[in-house]
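One-letter residues, chain by chain:
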Amino acid sequence: MLCVDQSTPQGQAAAGVAVWPTADLEQRLVNALDFAAVAVSDFGETGYDDAVRPALSFGPEKVVAEAAMLAYAAHGASRSSAVGDRVEALARQLDPLVRSPRALADMALNPDQVFRRAVPHVLLAAMGHPDDAFDAFASDVCARVLSHAVDQPTTVLAERRWITSVWSRRLPTVSYPPSGTVLTHPFDLLVGSREDPYGLTHLLFYVTDFGRTANPELGRTRDAILAEVEALVLRYLDHGDYDLVGELLMAWPQLHEAWSPVAAFAFDVLAHVEDEVGLLPCGNIDPERLASLAGTERTRYARAASYHTAFVMGFLSAVTLRGEVQPPTAFVAPEYPDNAWRALRAMLDDHPGDWLPVFDRRNEAEKRMMAPMLCGLVITQAMRQRNFATMHDAIRMARQFGLPAQPLRSAAADLLRILSAALQASTPDELEV
């Protein structure tokens, strides 16, 4: 349903443009905060031990830290008393877990855990829940860590720089590389690792302070960064990876930029899936295993596997509420020939993704506007399947229909050129092998 939201200044940012209702965003955030309270009750002291898939196990500090970050992202994002009351309740629930004897011992005995333990403490203090004794100890051990040589990933350095900027205490300056990150160099879309997109989303959390910073320090233009984020949104819509899609979509409100049609469409997909399932689902749950469990064991398994993705929808709703412009529910973009979207849509007929019925419900004019998105989805699916003929066909059709340049198309063309060069460099005997 299209509606013009006039309940908040954000909803009035573009007069007459249909945008996502503020009340709906607030309710999604309320749901995520309620779920966070339950997850903290379940796992905040014991964590979760998965004997079947040890990779799904986590300690109590993980869910506590993520819940604290969710509360911080939501703090002040909305004037809704329902949101504010839940943020306050969650902060009070987290306080004894964040400042526990176990946390103090961990910081004292494990220097590598110092900042991990300090982050939720600093965020609670920033929300009006200080603890002077814990703060004095935490700042002392963190200052000690910062005074020593360090060899850490850029995301770790960015997190430390962020948290020391939020902290009320003066700490040594955190050196942060001015170049060599995905915020300063083009993202390599031919690399399929999930770690790089996660690194990008987390860097944006830190440099924007979840959208609180008006002019974050970036090494490239917002347009260049968002074009690559949009390509990644299409990749993970194709994969059905809603955890990553949700984190990627936070880029638009955190950078204070208007939502692109692709970003707005992806938000619509996540909202649709959340409404259908009850919370934003993850890909970790084994349906057969879930069906074999009962009672508390079944509930804990379901919550442990899905809590992070449910939190992500809360993060996304919070930063969207804080942003100047909410996602449009109707597109404003150039229209391309009917033949363009129909031909590209036909190439995706067997796609199992949840996005497909959401697209099919759109009107004809919007479908014409979304031909470039379909082209990107065809390309990312072809990349995943190593279907180079389809990749070539999509590039040819994009040129035929005059679709705009996009990073996915450039990456596909690069891959085809690399393959062609490899073939030319090979001998006939090597090709037979």
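Residues numbered from 1 in each chain as written. Predicted model: local features only at pLDDT ≥ 70, side-chain atom pairs only at ≥ 80, totals over all residues. Heavy atoms only, no water.

This part covers the overall build of the protein. When helices and strands are tallied, the protein shows 21 helices and 0 strands. Here the C-alpha atoms of the protein give a radius of gyration of 23 Å, agreeing with the 22 Å that 2.2 N^0.38 yields for 433 residues. In terms of principal-axis extent, the alpha carbons of the protein reach across some 65 × 60 × 50 Å. Burial statistics for the protein: of 433 residues in total, 51% are counted as buried. When contacts within the protein are restricted to residue pairs at least 6 apart in sequence, those whose partners lie at least 24 apart make up 73%. Element-wise, carbon and sulfur atoms account for 52% of the exposed surface of the protein, whose accessible area totals about 19400 Å². Here the protein contributes 37 positive and 55 negative side-chain charges, whose respective centroids are spaced 2 Å apart. (Helix = DSSP H or I, 4+ residues; strand = E, 2+ residues; numbered from the N terminus. Rg over C-alpha atoms; globule rule 2.2 N^0.38 Å. Buried < 20%, exposed > 50% of the residue type's maximum accessible area, 1.4 Å probe, protein only. Contact = heavy atoms within 4.5 Å. Areas by Shrake-Rupley, 256 points an atom, 1.4 Å probe, with all protein chains shown as cover. Lys, Arg positive; Asp, Glu negative; His and termini not counted. Charge placed at Lys NZ, Arg CZ, Asp CG, Glu CD.)

Moving on, we come to the environment of A271. Relative to the assigned elements, A271 resides in helix α12 (residues 261–277). In this structure, the C-alpha to C-alpha distance between A271 and E288, residues 17 residues apart in sequence, is 26 Å. Those residues in contact with A271 that lie beyond four places of it in its chain are W20, R28 and M313.

For helix α9 (residues 222–239), spanning 18 residues, the distance from its first C-alpha to its last is 25 Å, which sits close to the expected 26 Å at 1.5 Å a residue. All buried positions along α9 are accounted for by I225, L226, E228, V229, A231, L232, V233, L234, R235, Y236, L237 and D238. (Expected span 1.5 Å × (residues − 1).)

Structurally, the position occupied by D135 is in helix α6 (residues 132–146). For D135, a relative accessible area of 8% puts it in the buried group. Every residue in contact with D135, bar those within four places of it in the chain, is listed here: H121, W167 and R169.

What follows concerns the packing of helix α4 (residues 101–109) against α6. Helix-helix packing is described using two parameters, namely the angle between the two axes and the distance between the axes. It is at 10 Å that the axes of α4 and α6 come closest, and there the two elements cross at 20°. The angle between the axes of α4 and α6 places the two elements in the roughly parallel class. In this structure, the crossing between α4 and α6 has a hand that is left-handed. Residues A103, L104, M107 and A108 of α4 form the contact with α6, whose participating residues are F134, F137, A138 and V141. In terms of residue class, the contact of α4 with α6 is built from 8 nonpolar, no polar and no charged. (Axes fitted to C-alpha atoms, helices over the stretch in contact; angles between N-to-C directions. Parallel < 35°, antiparallel > 145°, perpendicular 65-115°, else oblique. Left-handed = near helix turned anticlockwise from the far one by under 90°. Nonpolar A, V, L, I, M, F, W, Y, C, P; charged D, E, K, R; others polar.)

Below, the discussion takes up the packing of aromatic side chains. Summed over all chains, the structure comprises 16 aromatic pairs. Seen from their ring centres, F205 and F315 are 6.4 Å apart, and the 10° between their planes marks the pair as stacked. Within this pair, whereas F205 is found in helix α8 (residues 195–208), its partner F315 is found in helix α14 (residues 295–322), the two being separated by 110 residues in sequence. No difference in accessibility class separates F205 from F315, as the two residues are buried. Above the ring of F58, the side-chain terminus of K62 is found at 5.9 Å from the ring centroid. (Phe/Tyr/Trp six-rings, centres within 6.5 Å; stacked < 30°, edge-to-face > 60°. Lys NZ or Arg CZ within 6 Å of the ring centre and 35° of its normal.)

The next point concerns the nonpolar core. Within the largest apolar cluster, 144 residues are counted, with the highest numbers of intra-cluster contacts made by W162, F210, V233, L249, F265 and F311. If one sorts the elements of this core by residue count, α14 sits on top with 11 residues. F210 has contacts with M69, Y72, A73, W162, F205, M250, Q254, F315, V319 and R322, leaving out every residue within four places of it along the chain. (Core = buried A, V, L, I, M, F, W, Y, C linked by side-chain atoms within 4.5 Å.)

Let us now look at the confidence of the model for the protein. Mean pLDDT over the protein works out to 91, with 94% of the residues at or above the 70 mark. The lowest-confidence element of the protein is helix α21 (residues 428–432), averaging 56 in pLDDT; the highest-confidence one is helix α3 (residues 81–98), averaging 98. Across residues 1–14, where pLDDT falls below 50, the model places 33 contacts with residues more than four positions away in sequence or in other chains. (pLDDT = per-residue confidence, 0-100.)

Looking now at α8. Residues spaced three or four apart along an α-helix point in a common direction, a consequence of the helix completing one turn every 3.6 residues. Taking 1.5 Å of rise per residue, the 14 residues of α8 would be expected to cover 20 Å, and the 20 Å separating its terminal C-alpha atoms lies within 8% of that figure. Burial of α8 is extensive: 11 of the 14 residues sit out of reach of the surface. Contact partners of the buried residues in α8: α2 (60–74), α7 (154–166), α9, α10 (242–249) and α11 (251–254). Taken from the residues just after α8, D209 is the one with a positive phi, measuring 55°.

Moving on, we get to the environment of V141. Its location among the elements puts V141 in helix α6. Overall, V141 belongs to the buried group, its relative accessible area being 13%. Measuring from C-alpha to C-alpha, the distance between V141 and S317 comes to 34 Å, with 176 residues separating the pair along the chain. Residues contacting V141, with those up to four places away along its chain left out, are M107 and V114.

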